[in-house]
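# Tertiary structure, described
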Amino acid sequence: MVDFEKLAEAMGDLDEDAMVEGLNQVMAEGGADAAKAMEACQKGMDLVGSRFEEGEYFVGDLIYAGELMTQAVDILKDALVSGGNNGPATKMVLCTVKDDLHDIGKNIVRSMLEANGFDVIDLGIDCPKEKVVETCKAENIKIVALSGVLTLAIDSMKDTIDALKAAGLNDVKVIIGGAPVSESAKEVTGADEWAYSPQKTVQVCKEWAAL
Ligand code: B12
């Protein structure tokens with residue numbers, strides 16, 4: 001049985017070998033603890049964020065941490081897939097909203113969605129609302145996931161959701177996520193759902209894809 005505290009520490013210490021060893025052990029044991037392992041990695045990411053704020057880590061460390069998280073999702077993805085992936089992949093849009101350049105969390109969410117069979121159109125960072133509207137129209141998208149880490153991202157999320165409504169795309173479901181997102185942000189922005197964990201994001205998007 002893997003020691004999840006140690007796994008979180010390995011991620012926090014950016015110790016790739018220890019992290020990969022722990023994750024491979026989870027998979028070798030059948031993958032039943034994959035969700036717990038993912039949580040441990042996220043705890044490790046929180047450590048990374050704190051160490052950055054304390055001046056111990058630098059931007060390069062954060063980017064490397066993002067790469068490690070993506071690697072973790074890759075190792076665990078077969079065990080993280082919930083439910084069947086039968087039928088054609090559902091296309092959806094994901095982006096970091098206007099004026100926000102943070103994409104480490106978005107990329108982790110994307111890896112998780114792709115691991116669960118979604119065809120994710122990633123519109124990148126600092127994404128204008130017009131680009132989201134155009135893509136939804138052109139690709140007949142019914143699910144949009146908006147990421148944002150800055151407090152001001154909540155305003156951009158609201159603008160994007162308002163623009164979708166103004167364009168008559170009322171059947172597009174929107175999930176928002178990122179550090180400042182909460183139930184009250186959901187109410188302010190008019191989003192259909194919010195989440196912090198990538199696992200909940202996948203669960204919600206799967207429910208919407210089945211509608
Ligand atoms: C890394 C980082 C940067 C990097 C970004 C690199 C990159 N490629 O992303 C760089 C150095 C570029 C950067 C720049 C800036 N940053 Co910065 N940054 C951070 C830091 C340290 C970590 C963010 C991160 O990646 N966390 C790890 C990921 C995994 O977590 P996450 O993004 O929350 O994602 C998780 C969930 O939220 C969720 N999730 C994410 N997206 C989505 C989407 C959906 C749909 C769902 C459901 C879930 C979901 O899943 C993820 C996995 O669990 C935070 C501090 C912190 N501790 O969080 C500050 C922080 C976010 N930055 C901050 C600031 C102020 C800035 C700058 C303005 C600094 C400056 N003065 O220039 C600029 C902003 C530029 C801009 N316009 O965006 C502030 C924001 C303050 C605020 N409340 O608005 C923070 C909080 C630091 C602080 N305490 O002051 N930053």
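In what follows, the structure referred to is the one given above.
Now for a quick tour of the structure. (Residues numbered from 1 in each chain as written. Predicted model: local features only at pLDDT ≥ 70, side-chain atom pairs only at ≥ 80, totals over all residues. Heavy atoms only, no water.)

### Focus: the overall build of the protein chain
Counted only if it meets this: Secondary structure elements are taken from DSSP: a helix is a run of H or I of four residues or more, a strand is a run of E of two residues or more, and numbering for both begins at the N terminus. With C-alpha atoms as the basis for the radius of gyration, the globule rule is written as 2.2 Å multiplied by the number of residues raised to the power 0.38. Residue exposure (1.4 Å probe, protein chains only): buried if accessible area is under 20% of the type maximum, exposed if over 50%, otherwise partly exposed. Note on contacts: a residue pair qualifies if any of its non-hydrogen atoms lie within 4.5 Å across the two residues.
A count of helical and extended segments in the protein chain gives nine helices and five strands. Across the protein chain, helices and strands are ordered from the amino to the carboxyl terminus as α-α-α-α-β-α-β-α-β-α-β-α-β-α. Computed over the C-alpha atoms, the radius of gyration of the protein chain is 17 Å, within 12% of the 17 Å expected from 2.2 N^0.38 for a compact globule of 211 residues. On the principal axes, the C-alpha backbone points of the protein chain span a range of 50 × 45 × 25 Å. Going through the 211 residues of the protein chain one by one, you find that 45% of them count as buried. The contacts of the protein chain with a sequence gap of at least 6 include a subset with a gap of at least 24, amounting to 73%.

### Concerning the site of the ligand
How we decide: Only a single heavy atom is needed: when it lies within 4 Å of a molecule or strand, its residue is near that molecule or strand. For the purposes of these results, a polar contact is taken to be a pair of N or O atoms within 3.5 Å, where, inside protein, one atom must be able to donate a hydrogen and its partner to accept one; residues adjacent in sequence count only when each atom of the pair is a side-chain atom. The source of the domain bounds is an automatic or database domain assignment.
Close to the ligand lie 31 residues; L101, H102, D103, S147 and T151 are nearest. Residue H102 places a side-chain N or O atom 2.7 Å away from a nitrogen atom belonging to the ligand. Here an oxygen atom of the ligand sits 3.4 Å away from a polar atom, N or O, in the main chain of I104. Top element by residues in the shell around the ligand is helix α3 (residues 34-53). It accounts for five residues. Shared between two domains, the shell around the ligand holds at least three residues of each, these being domain 1 (4-80) and domain 2 (91-209).

### Re helix α9 (residues 198-209)
Threshold: Expected helix span is taken as 1.5 Å per residue step, with the number of steps being one fewer than the number of residues.
With twelve residues, α9 ought to run about 16 Å at 1.5 Å a step, and its terminal C-alpha atoms sit 16 Å apart, in line with that. Along α9, the positions that sit buried rather than exposed are P198, T201, V202, V204, C205, K206 and W208. Looking at the buried residues of α9, the elements they touch are α3, β1 (91-96), α5 (104-115), β3 (143-147), β4 (173-177) and β5 (193-195).

### Overview of the pattern of salt bridges
For clarity, the threshold we go by: For salt bridges, the criterion is a side-chain nitrogen of Lys or Arg within 4 Å of an Asp or Glu carboxyl oxygen.
One pass over the full model with this rule turns up 14 salt bridges. Between E139 and K91 there is a salt bridge; the shortest N-O distance is 2.6 Å. Of this pair, E139 sits in helix α6 (residues 129-139) while K91 sits in strand β1, and the two are 48 residues apart along the sequence. By relative accessible area, K91 is classed as partly exposed at 35%. The partner of K186 in a salt bridge is E183, and the shortest N-O contact between them spans 3.8 Å.

### As for unusual backbone geometry
As a rule of thumb, non-glycine residues mostly have phi less than zero, and peptide bonds are mostly trans rather than cis. Of note in the backbone geometry, L14 takes a positive phi value of approximately 60 degrees without being a glycine. By secondary structure assignment, the location of L14 is in the loop between α1 (4-12) and α2 (16-28). We note that D126 has phi near 50 degrees; this positive angle belongs to a residue other than glycine. Relative to the elements of secondary structure, D126 occurs in the loop between β2 (119-122) and α6. According to the relative accessible area criterion, D126 is partly exposed, its value standing at 29%.

### Some thoughts on the sheet that holds β4
Heads up, the rule is: Two strands are counted as paired when DSSP detects at least two bridges linking them. Axes here mean lines fitted to C-alpha atoms, for a helix over just the part in contact, with angles spanning 0 to 180 degrees between N-to-C directions.
Pairing is parallel across the open sheet formed by five strands, whose spatial order is β2-β1-β3-β4-β5. The open sheet terminates on both sides in strands that have one partner only, identified here as β2 and β5. When strand polarity is set aside, the average angle formed by the axes of neighbouring strands in this sheet is 25 degrees.

### Quick word on the coordination of the cobalt atom of the ligand
Threshold: Only nitrogen, oxygen and sulfur atoms within 2.8 Å of the metal, or 3.2 Å for Na, K and Ca, are treated as donors, and water is left out, so sites may look incomplete.
Just one protein atom coordinates the cobalt atom of the ligand, and that atom is H102 (NE2), at 2.2 Å. Tracing the backbone shows H102 in the loop between β1 and α5.

### Observations concerning the packing of aromatic side chains
Cut-off, in case you're wondering: Two aromatic rings, drawn from Phe, Tyr or Trp (for Trp, its six-membered ring), form a pair once their centres lie within 6.5 Å of each other, and the interplanar angle then sorts them: stacked below 30 degrees, edge-to-face above 60, tilted otherwise. As a reminder, the over-ring test applies to NZ of lysine and CZ of arginine, requiring each to be within 6 Å of the ring centre and within 35 degrees of the ring normal.
The final tally for this structure, using the stated rule, is zero aromatic pairs. Sitting above the plane of the W194 ring, K200 keeps its charged end 5.6 Å from the centroid.

### A look at the environment of C95
Along the chain, the position of C95 falls in strand β1. For C95, the contacting residues outside a window of four places in its chain are K106, L123, G124, C127, V132, A145, L146 and S147.

### Some thoughts on a negative patch on the surface
What counts, and what does not: Nonpolar side chains (Val, Leu, Ile, Met, Phe, Trp, Tyr) within 5 Å and like charges within 9 Å form the patches, drawn only from residues with over 30% relative accessible area and no salt bridge. Accessible surface is estimated by sampling points in the Shrake-Rupley manner with a 1.4 Å probe; for residues, cover comes only from the protein chains shown. This count recognises Lys and Arg as positive and Asp and Glu as negative, with His and chain-terminal groups excluded. A single reference atom marks each charge: NZ on Lys, CZ on Arg, CG on Asp, CD on Glu.
Taken together, the side chains of D15, E16, D17 and E21 present a region of like negative charge at the surface. By the element assignment, D15 lies in the loop between α1 and α2. Residue classification places D15 among the partly exposed positions, given a relative accessible area of 35%.

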